[in-house]
Amino acid sequence: MEMTLLSCEDCKIISIPPKYICPHCYSEELIEKKVSGIGQIYSYTTIYVAPERLAVEAPYHIVLVDLDEGPRVTARLVDGEPTINQKVKLYKIEDSVYWFESI
């Protein structure tokens, strides 16, 4: 599944939406860029004691994913146990939450 990121026309930094200015050079010239949604796990944690509305889902994994195109996103892992450098791909975006699955 592809995902949409923002690319700065001035400095070429790619960032995660929503943003209205470039976090690097403060330019307002941001354009949408479609990317693969593929990356690898940089770090992760397992949530055992969750907020009340998510308690039935515990334990679950929160992962930091370094996308192949550069940015790092915080996401949920859909399946299995995470490992550092594990290849993952975007599964869905729901309520502004990125969900990744193992490749």
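Residues numbered from 1 in each chain as written. Predicted model: local features only at pLDDT ≥ 70, side-chain atom pairs only at ≥ 80, totals over all residues. Heavy atoms only, no water.

A. View of the nonpolar core. Core analysis: the largest hydrophobic core is formed by 16 residues, its most contacted members being M3, L5, V65, L67, V73, Y98 and F100. Elements supplying a minimum of two residues to this core: β1 (3–8), β5 (60–67), β6 (72–77), β7 (87–94) and β8 (97–102). Leaving out residues up to four positions away in the same chain, V65 has contacts with G39, Q40, P71, R72, V73, V88 and F100. (Core = buried A, V, L, I, M, F, W, Y, C linked by side-chain atoms within 4.5 Å. Buried < 20%, exposed > 50% of the residue type's maximum accessible area, 1.4 Å probe, protein only. Helix = DSSP H or I, 4+ residues; strand = E, 2+ residues; numbered from the N terminus. Contact = heavy atoms within 4.5 Å.)

B. Broad picture of the environment of I38. Position of I38 relative to the elements: it lies in strand β4 (residues 38–47). The partly exposed category is assigned to I38, whose relative accessible area is 28%. Remark: the alpha-carbon pair of I38 and D66, spanning 28 residues in sequence, is separated by 8.6 Å. Excluding its chain neighbours within four sequence positions, the residues that come into contact with I38 are L67, D68, E69, K87, V88, K89 and I103.

C. Spatial organisation of the sheet that holds β6. Taken together, five strands build a closed barrel; the order of strands is β4-β5-β6-β8-β7 and the barrel is mixed. When strand polarity is set aside, the average angle formed by the axes of neighbouring strands in this sheet is 45°. Pairing geometry for β5 and β6, over five bridges, is antiparallel. Looking at β6, one finds that V65 is bridged to V73. (Pairing = 2+ DSSP bridges. Axes fitted to C-alpha atoms, helices over the stretch in contact; angles between N-to-C directions.)

D. Layout of the pairing of β7. Here three bridges tie β4 to β7, and the two strands are oriented antiparallel to one another. Within the sheet, the bridge partner assigned to G39 lies in β7 and is V88. Where β7 hands over to β8, the hairpin turn is made up of two residues, of which D95 adopts a positive phi near 55°.

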